[in-house]
Amino acid sequence: MGPSRHARKEWWRSAVIYQVYVRSFADGDGDGTGDLAGVRTRLPYLAELGVDALWFNPWYLSPMKDGGYDVADYRAVDPAFGTLAEAEKLIAEARELGIRTIVDIVPNHVSDQHPWFRAALAAGPGSPERELFHFRRGRGEHGELPPNDWPSQFVGSTEPVWKRLPDGDWYLHLFTPEQPDLNWAHPAVRQEHQDILRFWFELGVAGVRIDSAALLAKDPSLPDLADAPHPHPFIDRDELHDIYRSWRAVADEYDGMFVGEVWLPDAERFARYLRPDELHTAFNFSFLSCPWDAGRLRTAIDTTLAEHAPVGAPATWVLCNHDVTRTVTRYGRADTGFDFAKKAFGTPTDLALGTRRARAAALLSLALPGSVYLYQGEELGLPEADIPRDRVEDPMYFRSGGTDPGRDGCRVPLPWAAEAPYAGFGGEPWLPQPADWPEYAADRQAADPASMLSLYRAAIGLRPAFGDGPLTWLPAPEGVLAFARAEGVLCVVNLADESAGLPPHTELLLTSGPLDEDGRLPTDTAVWLRG
Ligand code: TEU
């Protein structure tokens, strides 16, 4: 199948997808928590930005022990965010503006308040209700030791992944104890998720993000990782592919798409999830984690394209999300890569430098073949906020014994209006906004042609000029990335220490910053040219 056949309905192959962390996007009812009413009022802003789709972090009924990734009812909207009827309206209103909706399904675990888990607790050891989860007796003389040695999937967490109940059973939770893992070997678990997918596709969503997609399947004997590391007892197991084939059959009935959250270092293993009868796309975490270095970025791009080509899946380009350090902050640090294990309080950064690089990175990622994910506030150039320790909410901080700063710093409620209380977010935000937040407000940036917002608007508007053809690297000095796309449109990014001359061109389409007086491209600047 060539691109022309894909072009009409396979919108996700080249889409710009905007991630909405509802809790922090816009607060419609003034209670300090973002909500669907807030999103609905900002749809014109998103349309003007030019995005093709919205990915919403989980908006389901949840005790919010992990920002909504602890779901108590997959078919209900949390009252803090609104109602199901409102979600349906939002999906339809967005669609009228040409914007599709992607919901976030969390299949690896449920909330401990989910009816299944409550029933399992009530039913006691050995009950069929407990078979939907991973309940085991403990080790040691009195069962006082956890059943195995598995590490938490909150990197940096020092806490166990097993919790013991008064009746002596332990249950597995790869994340917090309020997120018990489901047993994916159980047919009822599989059936339930097929039904959940149908439920949301019926409601009009165009796609589904799959949370922690490589973690669902477990070795049924739950062996110690130390004894049985290969194949890994709970990461990237072969059984997953059957699960996703069955999901794909459901999605195909609705023309729906999947984007998997698949964190795997091995490119070949990663690509297996993208075979034609499995997931359509997956997040590109190697690009997200890559330092600001020409050679490393070029390798990440080449590896990405090479791994996707044989399975015919489009690449995705991601610079940040709700779990990682904001781009402008990361790029202004001495270590410009992202690594969960290296997160620490007080890492110094040069925001002016980071912002210059983030502007160049925006033009780089929007010029590459595939789809692009944009995390709310990235288009405003928001930095990672310092959250006072007594205001931290993220369980990652607590489960690391207070050493990991957690993920709240990238989840601070957005600034919309420079002059309004709380920078126009709504009521007093659930996380404190930094004092300089009004400077980043969307209304101020909309009026400034040199702002990050204006750059994103212009770039998203011009992006179709690149077409959907392949990428060809052009000769360039060391530290400079230069490539052409089939339509003869070029992207040049200068990561070298000195300015660089531009390749021959007929038109300068967009720059991430001014050229120098000799018309050369300064350090940490990108340009789009017509060849
Ligand atoms: O994140 C999953 C996640 O961060 C892990 O898969 C981790 O990256 C991996 O183990 C590293 O090797 C998702 C959500 O994005 C996050 O917000 C949730 O807290 C988490 O799942 C639990 O649902």
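About the cut-offs
- Residues numbered from 1 in each chain as written.
- Predicted model: local features only at pLDDT ≥ 70, side-chain atom pairs only at ≥ 80, totals over all residues.
- Heavy atoms only, no water.
- Pairing = 2+ DSSP bridges.
- Helix = DSSP H or I, 4+ residues; strand = E, 2+ residues; numbered from the N terminus.
- Axes fitted to C-alpha atoms, helices over the stretch in contact; angles between N-to-C directions.
- Near = heavy atom within 4 Å.
- Polar contact = N/O pair within 3.5 Å; in protein donor to acceptor, adjacent residues only side chain to side chain.
- Areas by Shrake-Rupley, 256 points an atom, 1.4 Å probe, with all protein chains shown as cover.
- Nonpolar A, V, L, I, M, F, W, Y, C, P; charged D, E, K, R; others polar.
- Salt bridge = Lys/Arg side-chain N within 4 Å of Asp/Glu carboxyl O.
- Buried < 20%, exposed > 50% of the residue type's maximum accessible area, 1.4 Å probe, protein only.
- Contact = heavy atoms within 4.5 Å.
- Core = buried A, V, L, I, M, F, W, Y, C linked by side-chain atoms within 4.5 Å.
- 1 Å grid on protein atoms, 1.4 Å probe; cavity = no way out; pocket = protein on both sides within 12 Å on 5 of 7 lines; lining within 4 Å.
- Points joined across faces, edges and corners; volume = space filled by probe spheres on them.

(A) Structural detail: the sheet that holds strand β8 (residues 169-172). What the three strands build is an open sheet, ordered β6-β8-β7; its pairing is antiparallel. What marks the edges here is a single partner per strand, and that holds for β6 (135-137) and β7 (162-164). Between one strand axis and the next, the sheet turns by 35° as a mean value, whatever way the strands run. Bridge count between β7 and β8: three bridges; the pairing is antiparallel. From the neighbouring strand, K163 faces β8, where its bridge partner is Y171.

(B) Region of interest: the site of the ligand. Neighbouring the ligand are 17 residues, the closest being D66, H109, Q153, D211 and D323. The contact in question runs from an oxygen atom of the ligand to an N or O atom on the side chain of H109, over 2.9 Å. R407 is positioned such that a nitrogen or oxygen atom in its side chain is 2.9 Å from an oxygen atom of the ligand. When the free accessible area of the ligand is taken as 510 Å², the share hidden by the protein chains comes to 91%. Residues that form the shell around the ligand fall into these classes: five nonpolar, five polar and seven charged.

(C) View of the pattern of salt bridges. Considering all chains together, one arrives at 34 salt bridges under this definition. The shortest N-O distance in the salt bridge between E86 and R40 comes to 3.9 Å. Residue E86 is located in helix α4 (residues 84-96), and its partner R40 is located in helix α2 (residues 36-41); the two are separated by 46 residues in the primary sequence. Overall, the relative accessible area of 16% leaves E86 in the buried class. Taking the relative accessible area as the measure of exposure, R40 reaches 23% and is therefore partly exposed. Residues participating in the shared-partner salt-bridge network are D66, D323, D394, R407 and R411.

(D) Examining the sheet that holds strand β18 (residues 525-530) more closely. The sheet built from five strands is open, its strands ordered β14-β15-β16-β18-β17 with antiparallel pairing. The sheet terminates laterally at β14 (471-473) and β17 (507-511), the two strands that pair on one side only. Geometrically, the sheet is characterised by an average inter-axis angle of 25° between neighbouring strands, direction not taken into account. Direction of pairing for β14 relative to strand β15 (residues 480-485): antiparallel, over a ladder of three bridges. Within the sheet, the bridge partner assigned to L471 lies in β15 and is R485. Where helix α10 (residues 294-308) meets the sheet, it contacts β14 and β15, and its direction lies at approximately 145° from that of β14. Against the sheet, helix α15 (residues 452-462) contacts β17 and β18, and its axis sits at roughly 135° relative to β17.

(E) Here's a closer look at the nonpolar core. The biggest cluster of nonpolar side chains holds 160 residues, and the ones touching the most others in it are Y18, W59, Y244 and W528. Apart from the residues lying within four places of it in its own chain, the contact partners of Y244 are I210, A213, L216, Y273, D277, E278 and L279.

(F) Representation of the side chain of E10 in the model. Residue placement: E10 occurs in the loop between α1 (3-7) and β1 (16-20). Among the polar contacts listed, one links the side chain of E10 to the side chain of R13, at a separation of 2.9 Å.

(G) A look at empty space enclosed by the protein. In this structure the tally under the stated criterion is three cavities of 30 Å³ or more. Its boundaries defined by the atoms lining it, the largest cavity holds a volume of some 70 Å³. For the lining of the largest cavity, the secondary structure elements donating two or more residues are α11 (327-331) and α15. Looking at side-chain class alone, the lining of the largest cavity contains seven nonpolar, three polar and two charged residues.

(H) Local environment of the pairing of strand β5 (residues 100-105). Taking burial as the measure, the six residues of β5 include five buried ones, the bulk of the element. Direction of pairing for strand β2 (residues 53-56) relative to β5: parallel, over a ladder of three bridges. Paired with L54 across the two strands is T101, which belongs to β5. Taken together, the four bridges between β5 and strand β9 (residues 207-210) define a ladder with parallel strand orientation.

(I) Local environment of the environment of V372. Note on placement: V372 falls in strand β13 (residues 371-375). Each residue touching V372, except ones within four places of it in the same chain, is listed here: A15, V16, I17, W317, S365, L366 and R463.

Read these as spatial facts, not as claims about activity.
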